[in-house]
Amino acid sequence: MTTIDATNPVPEPPAYAAATDNYLTHTRGFMSWAGTLDHKRIGVMYLVSVLSAFFLAGMFGMLVRTELMRPGQDFLSQDQYNMLFTLHGAIMVFLVIIPSVPASLGNFVLPIMLGAKDVAFPRLNLFSYYLWLIGAICAISSIFFGGVDTGWTLYVPYSTHGTTMGGVIPVAAAIFILGFSSIFTGLNFIVTIHRLRPPGMTWFKMPLFLWSIYATGILQVMATPVIGITVVLLIVERAFGIGIFDPSLGGDPILFQHFFWFYSHPAVYIMILPAMGIISELIAVHSHRHIFGYRFIAFSSVAIAIFSFLVWGHHMFLSSQSPLMNVVFSAITFSVAIPSAVKVFNWLATLYKGSITLNTPMLYALSFLFMFAIAGLTGLHLGTLATDIHLHDTYFVVAHFHYTMLGSALIGMIGGLHHWWPKITGRMYSEFWGRIACGLVFVGFNVTFFTQFVLGSLGMPRRYHDYSGPGWSPDTTALFFKYHLVSTIGSYIMALGFFLTAAYLIHSLFRGRKAPANPWGGRSLEWQCASPPPHDNFSEPPHVGDCYDFSVLEWDEAEQGYHWRHDLPREPGEA
Amino acid sequence: MIASGLNSMLPALAAMTATIRPGSIFGMPEQASTIAPHVDLLYDIITWISVFFFVLIVGVMGYFVIRYRRTSHVAYTDGPTHNTPLEVTWTVIPLILVIAIFFIGLQGYVHMTTPPENSYEIQVTGQRWFWTFNYPNGASETNVLHVPVGRPVKLVMRSDDVIHSVFIPAFRVKQDVVPGRRTQLWFEATRTGDFDLFCTEYCGTQHSQMVGRVLVYEPDEFEVVIEEAARWIDKVLDAKLHLAGTLLFNQCASCHTLDGSKLIAPSFKETYDLFVNGDTRTLADGTTVTVNEQYIRNSILDPLKEVVDTYPSSMPPGIGTQLGDRKVEAMVRFIMRLDETAPGGQLKEVTRAELAELGAEPEGE
């Protein structure tokens, strides 16, 4: 246990004191949470909400996989199946993955990484959360309006005049509202990073997580309005019959696809960029090595953000878009591969000569590298015109985007959750169960989705309730059955891993060892305040400097954590 | 130019790989069109590049994790923090590779989107949830696409409702079918056989049943088949015309049942029972209509006119014209005599040949 030496003449050292008062105990009662302006509490509220939505949509996904395990209808009718995969996709994208890292972990960590007390606009932050909540209620209420079976992509004219289900408008309204939640969060973080960096923290001294959150913020602010307008037009057409997209009303269905993907492609990077930022932190901290090629990683985040606006047409190679446009979009699509590859190589180089520990956050980071490599490389098959024609709208695409969205974005998020769990809750979880669960998720995930690459190459179309029936060849049914069976078994293993994760994390809240301020040896500012942080984050101004220079830290056996080196002048005196 | 060089290399390489393997080792389906070997070759090239980089990434990662595993609570390890020449190298090498992949993909693509001049043209209509194929000689088939081997075939496609997509895995072709536009795709089959055809753009309830068969024939056999497809209905004896409906029913099956169970449209059993009893139906506008032969015919020819209050009007209006008078007549009789054509809700099994012959089939009269 350390105390602050008030007589120290040099700038004050970080407050390592295990504060008696922290953000969790600062005030009490329901209203102290519901009306809080504390970015940490809002982050925790987001975390709980996003994980609840993840549970719900995950269950929908399990039902879908279970129905697909065998040919023929098992327990879901065609319409029920179509509703479930629609809600699985819509909830996962709009309620879970888009807000997952920025709004939950980002909210908690970002101001602390900047040494700030809060984000630039705390009220706007709370408003974003309530918009998320209204959006969530709106999306789930669609079930009571007759459901929605359009797929999360809401393609017209099916969504405007093809489906008789009444849930289309509630879901479209939810996307509109959630869009604003996302815009406000992005705007808030951009301003926070611009205005609240501490003296001495220049742009190129920021943790890379902040670069990725910044790039994400730009995408959120610039791309999201397009989806907002698009769903308004969709609602107008469906509700009032005003022809915008439906050709029978004089509209153009391809126009909708352009609008939709103009947002939804950048949205893929809204989902993956923050996870990439987490991985940069995790790999450096858990191998106690200065990040390799800081500038290349930082610039690649910005490059990804820029390129991502120019590639939406690769979702439309078969839509009847002109061949010339297809060629142009294919060419630009490949350019996105470069900054992604650069990041991977830099992460690998960071491991070189490191001191690598295989604890749970690092296992997730390494899983990310494994799965992101597959996600990125299979993007080549889909970006190439001649092969995309065969693979488009098959399970190959399903596998590719699950490797990106679940295998990379969400795995990165869960890695970050374990990394910052001691900071957020003040408790350590069980390393043993953490590693077991990570192993189950890793194995289950790959069994589930790698099989789907083969299934898609063999020709299995996506969004199919069944792969048998009057028109089906028995050979095809038998062939697809093998892979669907394996895939479903994999999904059960993965679900087991996630349930186990939930169990030991909840257990740690009550029985977990008290967390030290810096259990992993992180150098960025959030490791310089107590775990959990006090209400104002820092009782003393933290040390700014090279946030990947770990040479200032040393292990403290008594504390079971790292702290500032004794022989450095700024080191706080031992009690 | 790189592109033309690759173009001349492609067939040679394709021929080579086609002989060393029956299908793709990475799980591509059988090859049955001229472009399939090109696509598979490209797929294999990209996959091998992917395998190389994947093994490299995971191998290096695994090696570093073992080699540099933590043995003590050291807070800091020294090592390079950047190396610009190295970083530029691993930026430029992938860049060159993807440019190469792009150009190879482009070659195949240009070929795949340019139908040869002499293509045999088939009109395709996508409707929820079946395909109609119309041939130059007037033949019209549902969910069965007949094509000749060794001759380029161009599909000119339209949709009457929402977006669909034609996908024939064995031919490696796919194209969305968009309402309000004509889209096209072409292929040249290289072997005879029976192949899958899927709808790959989500189109609602029965999307997974919007599948068809592609039947590939030798050219002379193909001529016979489509001639038969155009004429069979004319050869059916009048006395057996109601049974011809059993061969047309698959077009109705996505919305209408034979056993009284409800999909999105009235079961034929329901219509038949009303017809036999001479009952009336209530229409959406409140008027009633007697279910007689005329009513059944009108419902096929002009489905939006007399709409029943209990079902939405979702039947495509063009079906009557598409079928032609004789097939409409066959369907009307099929429904009026459902006890013979589908006894107990089970479609009676007949062949086209039987319908054209006297006495080959016990008569119901």
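Criteria and cut-off values
Residues numbered from 1 in each chain as written. Chains lettered and ligands numbered in written order. Predicted model: local features only at pLDDT ≥ 70, side-chain atom pairs only at ≥ 80, totals over all residues. Helix = DSSP H or I, 4+ residues; strand = E, 2+ residues; numbered from the N terminus. Rg over C-alpha atoms; globule rule 2.2 N^0.38 Å. Contact = placed C-beta atoms within 7 Å. Pairing = 2+ DSSP bridges. Axes fitted to C-alpha atoms, helices over the stretch in contact; angles between N-to-C directions. Buried ≥ 20, exposed ≤ 12 C-beta atoms within 10 Å, placed from the backbone. pLDDT = per-residue confidence, 0-100. Domains from an automatic or database assignment. Nonpolar A, V, L, I, M, F, W, Y, C, P; charged D, E, K, R; others polar. Expected span 1.5 Å × (residues − 1). Core = buried A, V, L, I, M, F, W, Y, C linked by C-beta atoms within 7 Å. Parallel < 35°, antiparallel > 145°, perpendicular 65-115°, else oblique. Left-handed = near helix turned anticlockwise from the far one by under 90°.

Student: Provide a residue-level description of the overall build of chain A, including the pertinent values.
Tutor: From N to C terminus, chain A includes 15 helices and 4 strands. Compactness check: chain A gives a C-alpha radius of gyration of 24 Å against a globular reference of 25 Å for 575 residues, within 12% of the reference. Based on the C-alpha atoms only, the size of chain A along its principal axes is roughly 85 × 45 × 45 Å. For chain A, long-range pairs separated by at least 24 residues make up 83% of all intrachain contacts whose partners lie at least 6 apart in sequence.

Student: Quick rundown of unusual backbone geometry? Include the residues and the values.
Tutor: Each neighbour pair has its own omega, and for Val 156 of chain A with Pro 157 of chain A the value is 0°, a cis peptide bond. Take Pro 157 of chain A: it is sitting in the loop between helix H4 (122-141) and helix H5 (158-162). Residue Trp 129 of chain B is bonded to the preceding Arg 128 of chain B through a cis peptide linkage, with omega at -5°. Mapping Trp 129 of chain B onto the fold places it in the loop between strand S1 (120-127) and strand S2 (130-134). The phi dihedral of Lys 353 of chain A is positive, around 60°, even though this residue is not glycine.

Student: Go over the sheet that holds S2 of chain B with me, naming the residues and quoting the values.
Tutor: All names here are of chain B. Across the sheet, which stays open at both edges, the 5 strands sit in the order S3-S2-S1-S5-S8 with mixed pairing between neighbours. A strand with exactly one partner marks an edge of an open sheet, and here the two such strands are strand S3 (140-142) and strand S8 (183-188). On average, each strand axis in the sheet is tilted by 25° relative to the strand beside it, whichever way the strands run.

Student: Now, about the environment of Pro 542 of chain A: what can you tell me, with residues and values included?
Tutor: Residues and elements named next belong to chain A. Mapped onto the fold, Pro 542 is located in the loop between strand S2 (513-514) and strand S3 (553-556). For Pro 542, a count of 24 C-beta atoms within 10 Å gives the class buried. Taking the C-alpha atoms as reference points, Pro 542 and Ile 112, 430 residues apart in sequence, are found 9.7 Å from one another.

Student: Can you explain the confidence of the model for chain A? Please cite residues and give values.
Tutor: Note: predicted coordinates in regions of low pLDDT should not be interpreted at a detailed level. When pLDDT is averaged along chain A, the result is 91, and 95% of the positions lie at 70 or above. Taken as a whole, residues 1-18 of chain A scores under 50 in pLDDT and shows 45 contacts with residues more than four places along the chain or in a different chain.

Student: How would you explain the sheet that holds strand S9 (residues 193-199) of chain B if you had to name every residue and give the values?
Tutor: All names here are of chain B. Taken in spatial order, the 5 strands line up as S4-S10-S9-S6-S7 in an open sheet, and their pairing is mixed. Each edge of the open sheet carries a strand with a single partner, namely strand S4 (144-148) and strand S7 (173-177). Between one strand axis and the next, the sheet turns by 25° as a mean value, whatever way the strands run. On the sheet, helix H4 (residues 219-235) packs against S4 and strand S10 (212-217) and is oriented at approximately 145° with respect to S4.

Student: Any chance you could break down the environment of Arg 326 of chain B for me, citing the residues and the numbers?
Tutor: Residues and elements named next belong to chain B. Relative to the helices and strands, Arg 326 resides in helix H9 (residues 325-336). Residue Arg 326 is classed as partly exposed on the basis of its C-beta count, with 14 C-beta atoms lying within 10 Å. The sequence separation of Arg 326 and Phe 222 amounts to 104 residues, and the corresponding C-alpha distance is 24 Å. Here Arg 326 is in contact with Ile 233 and Asp 234, once residues within four sequence places are set aside.

Student: Could you give me a rundown of the domain arrangement of chain A, with the residues and numbers involved?
Tutor: With domains assigned, chain A is organised as domain 1 (1-16 + 517-575) and domain 2 (33-516). For the side of domain 1 of chain A that touches domain 2 of chain A, the class distribution of residues is 14 nonpolar, 9 polar and 5 charged.

Student: Describe the interface of chain A and chain B, and please don't skip the residues or the numbers.
Tutor: Listed as interface residues are 82 residues of chain A and, on the opposing side, 78 residues of chain B. Looking at the side of chain A that touches chain B, the element that brings in the most residues is helix H10 (residues 323-351) of chain A, giving 13 residues. Tallied by class, residues from the side of chain A that touches chain B come to 43 nonpolar, 31 polar and 8 charged.

Student: Residue-level account of helix H2 (residues 36-67) of chain B, with values.
Tutor: If you check H2 of chain B, its first and last C-alpha atoms are 45 Å apart, about what 32 residues at 1.5 Å a residue would give, namely 46 Å. Those residues of H2 of chain B that sit buried are Ala 36, Pro 37, His 38, Val 39, Asp 40, Leu 41, Leu 42, Tyr 43, Ile 46, Thr 47, Ile 57 and Met 61 of chain B.

Student: Tell me about the nonpolar core, residues and numbers included.
Tutor: Ile 91, Met 271 and Leu 369 of chain A are the most contacted members of the largest nonpolar core, which totals 240 residues. Here this core gets 22 residues from one element, more than from any other, and that element is helix H3 (residues 78-113) of chain A. In this structure, Leu 369 of chain A is in contact with Val 344 and Trp 347 of chain A together with Ile 57 and Met 61 of chain B, ignoring residues within four places of it in sequence. Within the second largest apolar cluster, 21 residues are counted, among which are Leu 241, Tyr 272, Ile 335 and Met 336 of chain B.

Student: Before we move on, could you go through the confidence of the model for chain B and cite the residues and values that matter?
Tutor: All names here are of chain B. On average, residues of chain B score 84 in pLDDT, and 91% of them reach the 70 mark or higher. Across chain B, the element-wise mean pLDDT spans from 44 in helix H1 (residues 2-20) up to 97 in strand S6 (residues 164-168). Here residues 1-23 is modelled with pLDDT under 50, and outside its nearest four sequence neighbours on either side it reaches 21 contacts, counting other chains as well. Listed scores for the predicted complex are pTM 0.88 and ipTM 0.90.

Student: Residues and numbers for the pairing of strand S5 (residues 152-159) of chain B, please.
Tutor: Residue and element names in this part refer to chain B. Taking every second residue as pointing to the same face, the buried face of S5 carries Val 153, Leu 155, Met 157 and Ser 159, while none of Pro 152, Lys 154, Val 156 and Arg 158 on the other face is buried. One ladder, built from 7 bridges, connects S1 with S5; its direction is parallel. Looking at the pairing, Gly 126 lines up with Ser 159 of S5. For S5 and S8, the ladder comprises 6 bridges, and the chain directions are antiparallel. Its bridge partner being in S8, Leu 155 is matched across the sheet by Leu 185.

Student: Summarise the environment of Ala 34 of chain A; cite the residues concerned and give the values.
Tutor: All names here are of chain A. Inspection of the secondary structure puts Ala 34 in helix H1 (residues 30-34). Overall, Ala 34 belongs to the exposed group, with 12 C-beta atoms counted inside 10 Å. Each C-alpha atom of the pair Ala 34 and Tyr 130 lies 9.4 Å from the other, and the pair is 96 residues apart in sequence.

Student: Kindly report on the packing of helix H8 (residues 253-286) of chain A against H10 of chain A, identifying the contributing residues and their values.
Tutor: Think of two packed helices as two axes; the pair is described by the angle between the axes and how far apart they sit. All names here are of chain A. Direction vectors running N to C along H8 and H10 enclose 15°, while the axes themselves pass 9 Å from each other. Judged by the angle between their axes, H8 and H10 are roughly parallel. Viewed along their axes, H8 and H10 form a crossing whose handedness is left-handed. Here H8 contributes Met 276, Ile 279, Ile 283 and Ala 284 to the contact with H10, which in turn contributes Lys 343, Trp 347, Thr 350 and Leu 351. The class makeup of the residues in the contact of H8 with H10 is 6 nonpolar, 1 polar and 1 charged.

Student: Explain the packing of H3 of chain A against H8 of chain A residue by residue, including any values.
Tutor: Residue and element names in this part refer to chain A. Following both chains from N to C, one finds H3 and H8 inclined at 40°, their axes separated by 8 Å at the closest point. One finds that H3 runs oblique with respect to H8. Considering how the two elements wind past one another, H3 and H8 form a crossing that is left-handed. The residues of H8 that touch H3, namely those facing Ile 97, Ile 98, Val 101, Pro 102 and Gly 106, are Ala 267, Ile 270, Met 271, Pro 274, Ala 275 and Ile 278.

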